[in-house]
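Summary of structural features
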Amino acid sequence: MSIRMVVKHPNEVLETKCQPVTAFDKKLAALLDDMHETMVESDGVGIAAPQVGVAIRAAIVDFREGQDPIEMINPELVLFEGAETDIEGCLSFPGIFGEVERYDHIKIKAQERDGSWYELEAEGYEARAIQHEMDHLDGVLFTSKITKYVTQEELDEMIRQQEEEEEQV
């Protein structure tokens with residue numbers, strides 16, 4: 001496993017509709033391992049193949065809260081409902097944050113690294129992260145969905161207030 005360079009905007013690969021994965025082999029497994037290591041090193045919760053310069057339909061979401069990472073190969077959104085607006089950032093846009101509206105509850109169908117299909121339901125923050133990474137696979141940038149930009153200072157203040165509220169509970 002190795003840490004790869006995170007592709008930063010502007011870069012054509014970030015705005016490219018990615019090709020489906022057809023070979024479920026050691027090369028794919030190595031890419032997924034590298035992507036996960038790169039994401040963790042970059043302190044992210046998700047990463048898509050184009051963010052490491054590979055235009056294929058593969059992405060990972062991992063909250064590192066005792067769950068296994070979610071590897072999504074050739075993912076498809078099969079159910080979506082509700083809406084929620086929250087703040088997002090992106091490894092390919094360092095220092096840029098903004099409010100984005102996303103579906104609050106989703107169900108996806110995707111493949112594992114061995115090619116087998118699975119379905120997964122998610123809501124809230126997990127659903128948001130999955131949709132963000134799936135957008136990367138279609139060349140859709142989160143900045144195209146931002147309704148209000150948020151500065152680092154505003155974000156830090158929101159996090160501080162949230163932590164204070166949690167301490168009072």
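Since the structure is predicted, the reported quantities are computational estimates derived from the model, not experimental observations.

**Quick look at the nonpolar core**
Counting 17 residues, the largest nonpolar core has Val61, Ile70, Met72, Ile106, Ile108, Tyr118 and Ile130 as its most contacted members. Sort the elements by how many residues they give to this core and helix H2 (residues 124–137) lands first, with five residues. If we ignore the near neighbours within four places in the chain, the residues touching Met72 are Arg57, Ala58, Ala59, Val61, Ile108, Ala110, Gln111, Tyr118, Ile130 and Glu133. Listed in part, the 14 residues of the second largest apolar core include Met39, Ile47, Ala49 and Leu91.

**Structural notes on the UniProt feature "binding site: Fe cation" (unreviewed entry) in the chain**
Here, the residues flagged by UniProt with the feature "binding site: Fe cation" (unreviewed entry) are Cys90, His132 and His136. A maximum C-alpha distance of 10.3 Å places the annotated residues, which cover 47 residues in sequence, within one compact spot. Examined against the element boundaries, Cys90 turns out to sit in the loop between strand S4 (84–88) and strand S5 (97–102). Leave out the neighbours within four places in its chain, and Cys90 touches Gln51, Ile96, His132, His136 and Phe142. By the element assignment, His132 lies in helix H2. If sequence neighbours within four positions are ignored, His132 has contacts with Glu88, Gly89, Cys90, Arg102 and Phe142.

**Structural notes on the sheet that holds S4**
Where strands meet in a sheet, backbone hydrogen bonds hold them as pairs that are either parallel or antiparallel. With antiparallel pairing, the three strands of this open sheet are ordered in space as S4-S5-S8. Each having just a single partner strand, S4 and strand S8 (146–150) make up the two edges of the open sheet. Strand-to-strand twist across the sheet, computed as the mean angle between neighbouring axes with direction ignored, equals 30°. Of the strands in this sheet, S4 and S5 are in contact with H2, which crosses S4 at around 65°.

**Points about the UniProt feature "active site" (unreviewed entry) in the chain**
UniProt records the feature "active site" (unreviewed entry) for Glu133 in the present numbering. Along the chain, the position of Glu133 falls in helix H2. Leaving out residues up to four positions away in the same chain, Glu133 has contacts with Gly46, Ile47, Ala48, Gln51, Ala59, Ile60, Val61 and Met72. A polar side-chain atom of Glu133 sits 3.5 Å from the main-chain amide nitrogen of Ile47.

Criteria and cut-off values
Just so you know, the residues in each chain are numbered from 1, in the order the chain's sequence is written. Given that the model is predicted, a residue must reach a pLDDT of at least 70 before its local features are reported, and side-chain atom pairs must reach 80 or more before they are shown or counted; all residues, however, enter totals for whole chains, interfaces and linings. For side-chain calculations, the full set of non-hydrogen atoms in the structure is used, while hydrogens and water are omitted. Side-chain atoms within 4.5 Å link the members of a nonpolar core, which is a set of buried Ala, Val, Leu, Ile, Met, Phe, Trp, Tyr and Cys residues. Whether a residue is buried, partly exposed or exposed follows from its accessible area with a 1.4 Å probe, protein chains only, as a fraction of its type maximum: under 20%, in between, or over 50%, in that order. In this text, helices come from DSSP runs of H or I with a minimum length of four residues, and strands from runs of E with a minimum of two, each type numbered from the N-terminal end. Should any heavy atoms of two residues lie within 4.5 Å, those residues are considered in contact. UniProt positions are given in the numbering used here, feature names are shortened, and annotations may be inferred rather than shown by experiment. Any two strands between which DSSP finds at least two bridges are classified as paired. Axis angles are defined between N-to-C directions and span 0 to 180 degrees, where every axis is a line fitted to C-alpha atoms and, for a helix, only to the segment in contact. Whenever two N or O atoms come within 3.5 Å, that pair is a polar contact, provided that in protein one can donate a hydrogen and the other can accept it, and provided that, for residues adjacent in sequence, both atoms are side-chain atoms.

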